[in-house]
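Single-letter residue listing:
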Amino acid sequence: MTGVLLTLAGLWLLLGAVWLAVYPLLTRGGRAIPADAPDRRDLEVEKARLVAEIHELDLDRATGKLSEEDYRAIEQRLKARAVEVMREIDPRRG
Amino acid sequence: MNVYSLGPPALWTGLVLALYGAVLGHVGGRRRDPRLIGAAVGSVYGTAACVLLAYGLLTAAFLTDEFRLAYVATHTSRAMLPGYKAAAVWGGMEGSMLLWALVLAGYACLAVAIHRRRQPLLVPHAAAILQAILAFFLAVMVFSARPFVMLDFTPADGTGLNPLLQNHWMAAHPPSLYLGYVGWSVPFAFAMAALITGRLGSEWIAAIRKWSLVAFLFLTVGNLMGSHWAYIELGWGGFWGWDPVENSAIMPWFVGAAFIHSIMIQEKRGMLKLWNIALVTAAFALTILGTFVTRSGIIESVHAFASTDIGFVFLGFLTLVVGTAVALTWWRADLLASESRLESFASRESAFLFNNLLLLGIAFAIWWGTFFPFISEAATGQRVSVGAPFFNQVNAPLSVALLLLLGIGPVIAWRRASRRTLERNFRMPLAVLGIAGAAAALLGLHTWYALAVVAFGAFTLATIAQEVWRGTRARMRSKDAGPAAALVGLVAKNRRRYGGYTVHVGVVLVFAGIAGALFVTERSARLVPGAEMSVGPFDVVYRGTDIEQGPNYTATVANLTVAERGGMDRPGEPMRMRPERRFYPAGQEQVTTEVAIWSRPFEDMYAILEGYDATSGAADVTLIVNPMILWIWIGGGIMVLGMLIALSTPRLRVRRGAVAAAPPVAKPAAEPREPARV
């Protein structure tokens, strides 16, 4: 009896597995990925990368790995690019 | 109807769903069709459910001694402990393929669930690649290595698992190694998705950074467990024999280490895009190659218990994987150009590039030595093997150069470092290097490798200590905190950086342990009860043997009393050591040695019972003194801790205005903190 019940439970699990894969085709589907998504995504990734790099730069200066001139030159370059990227992400911010 | 007859339908359904997901993922991703993408994602979960059901059924069959299943009957027996029965599921080809599929299905579910919203353009293709890989493993189990084959009769008992595998380290080693091996599937899948979509910037790197660390972590743990198993179970006194299967497990580790360092260059500088694609492909391909070596038996190995003729199917799959990756890379070559150039030779990028070359050099040397018998046979018709001396000679200089680089990298800034900062940062560590080297030479270390390990290891520890101290001091100033609070805050807010340094500390200790192997002392003798012998700083007395009954074996146990020279009569001093020889009657009628180890901080006393004469009571005993070996396991543990620290980096969102609000030029040193991630 237990064996039959376990077998039926296993069969239901397999049916559930198939249902998981088929069900989305029977629905109207979720929100489509917007056409400008790739560009925006790239900019967001770059923004995060630049912020990360600025923080790393601060830590490098704090631990004596960068001279003051190098620090200022690199930081200015990074911040200028970061502001540019943020303006591209949200034109209203410009 | 037998519940185990659900096994084959579960595998078949999983195979169909995996192929379905592989097709729909690519089509849906290309058309950006949410219904097709949803179905592909659903198929990932559905396939995982099928694999989980199959794995659950097989485990239940092992635990309940269901010997009608041929695989169960040949890999377990009634007398085995329940824990080993559960571990015996992956003791053979069929079960280990199922474990591989289970781990891959689990990773695929997690990857899809975590990244579906964060990387919506990459996930459909990554899911498709993961499903295609899973389809391969399911096809192997459906058509060839079938775990659910039923016998026409029910045997009274099984033949049992190879006794060498009945060890708790061996029970944990394969799952950990598989978590590491299979873990490279996710970075590989995202890399291929990046090639397919042409999105080859930082997005895929951001997606796979932690996945690579997870795979690397488990590979580290798996290799450590495997070497510990070899040390305590194989009874030859060493921890690494340069066996082809061991080599196959360590090659992806070296390539993975190179990848983890080089993706940082792509993240920060947009460089090495092609190189990173090549490295992640190599890491994944090496995991398949490792399976080919383990399963094909083309090269003689102590892991011969796992050899079958299925290896060549893996070779075909490996060719397909590498061919696809090369074709996609060729197609996208124009998008793989670097966004910037190396600004200075004295920069962290350049240190990382050297580190990459050394890591790959070591991986290549291991590959060459491992496959040389195969290559020489193909080229000349004669099978020529290279042994441990080849691997040691080639890898020793490369590895000490790597050890030196571990110390150089952390104190050089990204982009460029001025001469003045270099002088200031290297002054103290170079002094430590000189003092440690001189002290080691004066203390009698005259082997170049040991001298280099001491000097370069001290140098590396000094640079890390300097880094930590400077960071702590900066935080003490900026936060007006005490040293302990500042140190904790520094590490907590910069986990990736300080986790990495912790790993490097662990590596230095592992090097110290490996260098200890140069000073091993070994003696063998036939001893009658009451006889004494000496080895290294130890005196040993043999007191006779006992016969003991285990759950599924009979053991002959030698009683040895061990003490430091002259300490045999000191109260509390002598240590009792009991090496064994075990006889397993079930199935294979195999005899194994169980060594006894007295582990101390600076040396292990390792005793092996090689043989026993019942009439005279004499025992053939081998005693080995292994200096520093404990530090391999301690260093490995510290490496794992460092990886966990790096992995615990929280995913921070970029605050609006985080950059815009900042002034255009430098203010006084900002509090060092964790970089934001996407």
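What counts, and where the lines are drawn
- Residues numbered from 1 in each chain as written.
- Chains lettered and ligands numbered in written order.
- Predicted model: local features only at pLDDT ≥ 70, side-chain atom pairs only at ≥ 80, totals over all residues.
- Helix = DSSP H or I, 4+ residues; strand = E, 2+ residues; numbered from the N terminus.
- Buried ≥ 20, exposed ≤ 12 C-beta atoms within 10 Å, placed from the backbone.
- Rg over C-alpha atoms; globule rule 2.2 N^0.38 Å.
- Contact = placed C-beta atoms within 7 Å.
- Axes fitted to C-alpha atoms, helices over the stretch in contact; angles between N-to-C directions.
- Parallel < 35°, antiparallel > 145°, perpendicular 65-115°, else oblique.
- Left-handed = near helix turned anticlockwise from the far one by under 90°.
- pLDDT = per-residue confidence, 0-100.
- Nonpolar A, V, L, I, M, F, W, Y, C, P; charged D, E, K, R; others polar.

Draft legend 1. View of the overall build of chain A. Across its full length, chain A carries three helices and zero strands. In chain A, the succession of α and β elements from N to C terminus is α-α-α. Of all 94 residues assigned to chain A, the portion counted as buried reaches 37%.

Draft legend 2. Structural detail: the overall build of chain B. On a plain count of helices and strands, chain B comes out with 19 helices and ten strands. The C-alpha radius of gyration of chain B comes to 27 Å, within 12% of the 26 Å expected for a compact globule of 678 residues. Considered along the principal axes of its C-alpha atoms, chain B spans approximately 90 × 75 × 55 Å. Long-range contacts, defined as pairs at least 24 residues apart, comprise 74% of the intrachain contacts of chain B with a sequence gap of at least 6.

Draft legend 3. Here's a closer look at the environment of B:Leu398. All names here are of chain B. By the secondary structure assignment, Leu398 is in helix α14 (residues 388-408). Through-space distance from the C-alpha of Leu398 to that of Ala365 is 9.9 Å; in sequence the pair is 33 residues apart. Dropping the residues within four chain positions of it, Leu398 is found in contact with Leu358, Gly361 and Ile362.

Draft legend 4. Looking closely at the packing of helix α13 (residues 348-380) of chain B against α14(B). All names here are of chain B. Between α13 and α14, whose axes approach to 10 Å, the crossing angle comes to 165°. It follows that α13 is roughly antiparallel to α14 by the angle criterion. At the point where α13 passes α14, the crossing takes the left-handed sense. Of the residues in α14, those in contact with Ala351, Phe354, Asn355, Leu358, Leu359, Gly361, Ile362, Ala365, Ile366 and Gly369 of α13 are Phe390, Phe391, Val394, Asn395, Leu398, Ser399, Ala401, Leu402, Leu405 and Ile408.

Draft legend 5. Broad picture of the confidence of the model for chain A. This prediction gives chain A a mean pLDDT of 82; 85% of its residues lie at or above 70. At the level of individual helices and strands, chain A shows its lowest average pLDDT in helix α2 (residues 37-62) of chain A, which scores 81, and its highest in helix α1 (residues 2-26) of chain A, which scores 90.

Draft legend 6. Up close: the interface of chain B and chain A. Contacts between the two partners involve 64 residues from chain B and, on the opposite side, 57 residues from chain A. Mapped onto the side of chain B that touches chain A, the elements with two or more residues apiece are α1 (7-31), α2 (34-63), α9 (203-233), α10 (244-269), α15 (419-442) and α16 (448-479) of chain B. The biggest single contributor to the side of chain B that touches chain A is α2(B), with eleven residues. Its residues assigned to classes, the side of chain B that touches chain A comprises 36 nonpolar, 14 polar and 14 charged.

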